[in-house]
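Chain residues, written in single-letter form:
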Amino acid sequence: MPHAVPPVAADRLPALLAAMPKAELHIHIEGSLEPELIFSLAQRNGVAIPYASVEDLRQAYAFTNLQSFLDIYYAGASVLLKEQDFHDMAWAYLLRAKADNVLRTELFFDPQTHTARGVAMETVVKGLHRACRDARTQLGVDAELILCFLRHLSEAEAFETLEQALPNRDKIIRVGLHTSEQGHTPEKFARVFARCRQLGLHLVAHAGEEGPPAYVWAALDVLKVERIDHGVQSVKDPALMKRLAQDRIPLTVCPLSNLKLCVFPRLADHNLRQLLDAGLVATVNSDDPAYFGGYLNENFLQTFAATGMDAGHAYRLAANSFEGSFAEATAKKRYLEQLDAVFAAHS
Ligand code: ADE
Ligand code: ZN
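Keep in mind it's a predicted model, so treat the numbers as computed, not measured.

### Re the sheet that holds strand E1 (residues 22-28)
- With parallel pairing, eight strands are arranged side by side in an open sheet as E1-E2-E3-E4-E5-E6-E7-E8. Of all the strands in the sheet, just E1 and strand E8 (282-284) have a single pairing partner and so form its edges. Ignoring strand direction, the axes of neighbouring strands in this sheet form an average angle of 25°.
- Pairing analysis gives five bridges linking E1 to strand E2 (residues 102-109), with the strands arranged parallel. Of the residues in E2, the one forming a bridge with Ala-23 is Arg-104.
- Running at roughly 170° to strand E5 (residues 202-207), helix H10 (residues 213-221) makes contact with E5 and strand E6 (227-230) of the sheet.
- This element, helix H16 (residues 311-323), spans E1, E2 and E8 of the sheet and lies at about 100° to E8.

### Comments concerning the coordination of the zinc ion (ligand 2)
- Here the zinc ion (ligand 2) is held by the protein donor atoms His-26 (NE2), His-28 (NE2), His-206 (NE2) and Asp-287 (OD), which lie 2.0 to 2.3 Å from it.
- Around the zinc ion (ligand 2), the four donor atoms are arranged such that angles at the metal cover 80 to 172°; this shape is classified as irregular.
- In primary sequence terms, the donor set of the zinc ion (ligand 2) follows H-x1-H-x177-H-x80-D. Of this pair, His-26 sits in strand E1 while Asp-287 sits in the loop between E8 and helix H14 (289-292), and the two are 261 residues apart along the sequence. There is no split in this pair, since His-26 and Asp-287 are both buried.

Thresholds, definitions, all that
Residues numbered from 1 in each chain as written. Chains lettered and ligands numbered in written order. Predicted model: local features only at pLDDT ≥ 70, side-chain atom pairs only at ≥ 80, totals over all residues. Heavy atoms only, no water. Pairing = 2+ DSSP bridges. Helix = DSSP H or I, 4+ residues; strand = E, 2+ residues; numbered from the N terminus. Axes fitted to C-alpha atoms, helices over the stretch in contact; angles between N-to-C directions. Contact = heavy atoms within 4.5 Å. Donors = N, O, S within 2.8 Å, 3.2 Å for Na, K, Ca; no water. Tetrahedral: all angles 85-135°; square planar, octahedral: opposite > 155°, others 65-115°. Buried < 20%, exposed > 50% of the residue type's maximum accessible area, 1.4 Å probe, protein only.

Right, here's the structure in full:
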């Protein structure tokens, strides 16, 4: 890693942001379903959807908070039935990731959204895993899967989901927790996460997106996660900020998501720069790009334009994304070398 990032002219920063190699650590693959693909899968599978056209569906993407988004997100996912559907959804995202110079991506998927509709766990995992395998060989993108439990459902349902996934555990080496945060404390899943830890699975969880710093503490100390998804509310608690910085706990921050779900009124008010300047391992991610107006590079470009961050911040965000990933040490070293080469070429 360079000791100091060489100066980069302000007008060259957007090109550098787009070109720099990066990892994406917070992407819900069901949130990458574009309206066009929803309509084509609905037709292929004979599923009725309550929107007249692609435009009509896109018009519905005006959210006031997390729950208002989740209601539409589940409706979109209802068109996914067959292994090929899961493959095609993931492949479309992986092509976008490649175009954004993503070297590694760790994809969340929601089995409970699908098993509740009668789709077998195996169908979901096989389709997604095949796309990840193809990404490695055909695109040179390292892609892996993170099984996410839905936090508005019960502990018993999470345990049942874990059991269903275990025959395919070689394809899923980590688990996460997401959906409605308020009122669903991390403690609800303490025993499920303890079991996952015993099984040797890596652990992450959404916390501190809309919920209070107490949820981030509980994710760390009760669930014992290695990474916090979002975590932007942590700035309200100086002791928590110190803990996150000292333990180098990565935060997978999603600026355009936070804007669209009204966590911040304007992108200029986003606290990403504050998190970075406090020494946290913050990263940039797209969350649900089909719904929030942009894939990974769009998140970088819009956030830098709004907050005035510079090339030093860009370098740290990209380096943090590799450090915070679950890649092997040798791969992390290779990614960093590629990052340094691109910075050298742009300075
Ligand atoms: N599931 C998909 N996107 C999410 C988000 N931003 N927060 C919580 N759960 C989600
Ligand atoms: Zn998320």
